[in-house]
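Structural characterization, general
Chain residues, written in single-letter form:
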Amino acid sequence: MISPALDAWAPGGGAAGHGPGHGIPGARDPLGLLDLFGDSFVRDPHPWLDLLRSQTPVHHDPATGLWLVSRHQDVRHVLLDPDVFLPDNAQHSVSPLPVAVLRVLARGGFALPPALANNGTPTHPGLRRLVTRFFHANRVADAVPVIERIADGLLDEVRSQLDSTGGCDLFTSFAQLLPCEVLMELLGIRGVDPATLIRWSDASLELFWGRPPLERQLELAELVVEFHQWLTDTVRGGTAAPDSFIGALARHRLPDGGPLDVATAVGVCFFVFIAGQSTTGQLITTVLRRALAESGMWPRVAGEAGLAEAWVEEVLRREPPVTTWRRVTARATAVSGVRLPAGAQVLVMLLGSGSDPEVFPSPERMCPRRENIRHHLAFGVGRHRCPGASLARTEAAVALRAAARGLPGIRPAVGAAEPPMLGLLSFRAPLALVVE
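Here's what I pulled together on the structure shown here. Everything quoted here is computed from the prediction, not taken from an experiment.

Some remarks on empty space enclosed by the protein
With a probe scaled to a water molecule rolled over the atoms, the places where space remains empty come into view. According to the stated counting rule, one finds three cavities of 30 Å³ or more in the structure shown. Tallying contributions element by element places helix H12 (residues 262-293) first for the lining of the largest cavity, with nine residues. Here the residues of the lining of the largest cavity are counted per class, giving 27 nonpolar, eight polar and four charged. Quantified by volume, the second largest cavity comes out at close to 80 Å³. Around the second largest cavity sit 14 residues that line it, and Phe 41, Thr 323, Leu 424, Leu 425 and Arg 428 are the ones nearest its centre. When residues of the lining of the second largest cavity are traced back to their parent elements, those giving at least two are helix H1 (39-43) and strand E9 (421-423). Class assignment for the residues of the lining of the second largest cavity results in ten nonpolar, three polar and one charged.

Shown next as structure tokens:
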């Protein structure tokens, strides 16, 4: 269950882009300055991740109580051993929420039992198979015309805005909307508009994986309750089309032959709706931003076969939208010789693993033709690997190719400030992409 919890996302720490400990007189232990929510880490986490991998690849962070695992081989080891490294805490709140926020959630009946990412019970395989049926490679391939149609429609609006004002934010007008509208069409989601679904999903991420101040937490809690109540009413309504995602959940049977309970069905929807559109929108924004910044890349991805797909893979390696994930040890164990007690809260650094020089030479360079490009762990690995990986990859590649072809003359807006960054515990991406 997501146990409501959290305190406040308040950026702090060193200057953006500077390495760990930069400008701190007498700082003997740079990692003593590490703040996973601080501006220095959020703006440029790579110096910190390089330091973690090279000096202390299994590092206890006193600020969060988490054990940070940053090397590729260790991250892979943790994810491939779900009997020792349990998924139970994967969707827990980062830290306890204040009582006032808990009251808002309790009043709204908010509760999410284990369903997918945090489910280590015998119900998980069946639920995962159900979800995978909607996102497997063949179904995604068949959906490419749908993705292209929606992308082209959104780009028409972008061109109109560029013509009338000279500028546009591709995050809010394209990258954020595309995966939401695609998901709604593929899963047969009705009775809600894309803007509302985006607002609900983003609020859920911020409340449970960020550190907003109390006033903001109360606002977010109200939105999360609205989201949960809409999901509950939709699942209970019995009006979903039989071939829709919610219709499939209604027909699903548990290992004992019984029907899936409403609360678990809501939990599945909560996870799938957020992962299927919020994190994919974050990926598309980063893909577009990095392609626009790379000399000569924008015109190339418009016409060079396979380059958009290769570029997406390299962005997933270097700057995945899901940067970390959590596990808890079932018993005392060791990772790279470091002893972890039973109940240790482990944070696997997916972002750091993709820049491990032992696996990816010159990791700071964007090399879309790397021979081992698919060895990154952006979607996890093993039993809980992201079931929507194929759809996310395809949407990002289609979005990049369509934008490069449809907007050949755009560039990052001259003089625009560095965009604000989403800096949650497990999610990182630009929150704006202003072009002209």
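Focus: the pairing of strand E8 (residues 345-349)
Across a regular strand the side chains alternate sides, sitting on one face of the sheet and then on the other. Here E8 lies mainly inside the structure; four of its five residues are buried. In the sheet, strand E2 (residues 66-69) pairs with E8 via three bridges, with the strands oriented parallel. When the bridges of E8 are listed, Trp 67 appears paired with Val 346.

Section: the side chain of Ser 173
The residue Ser 173 is located in helix H7 (residues 170-175) in this model. Of the residues examined, Ser 173 reaches a relative accessible area of 16% and is grouped as buried. Only 2.7 Å separates the side chain of Ser 173 from the backbone oxygen of Asp 169, close enough to count as a polar contact. In this structure Ser 173 touches Leu 154, Val 158 and Cys 168, once residues within four positions along its chain are discounted.

Rules and cut-offs
Residues numbered from 1 in each chain as written. Predicted model: local features only at pLDDT ≥ 70, side-chain atom pairs only at ≥ 80, totals over all residues. Heavy atoms only, no water. 1 Å grid on protein atoms, 1.4 Å probe; cavity = no way out; pocket = protein on both sides within 12 Å on 5 of 7 lines; lining within 4 Å. Points joined across faces, edges and corners; volume = space filled by probe spheres on them. Helix = DSSP H or I, 4+ residues; strand = E, 2+ residues; numbered from the N terminus. Nonpolar A, V, L, I, M, F, W, Y, C, P; charged D, E, K, R; others polar. Buried < 20%, exposed > 50% of the residue type's maximum accessible area, 1.4 Å probe, protein only. Pairing = 2+ DSSP bridges. Polar contact = N/O pair within 3.5 Å; in protein donor to acceptor, adjacent residues only side chain to side chain. Contact = heavy atoms within 4.5 Å.

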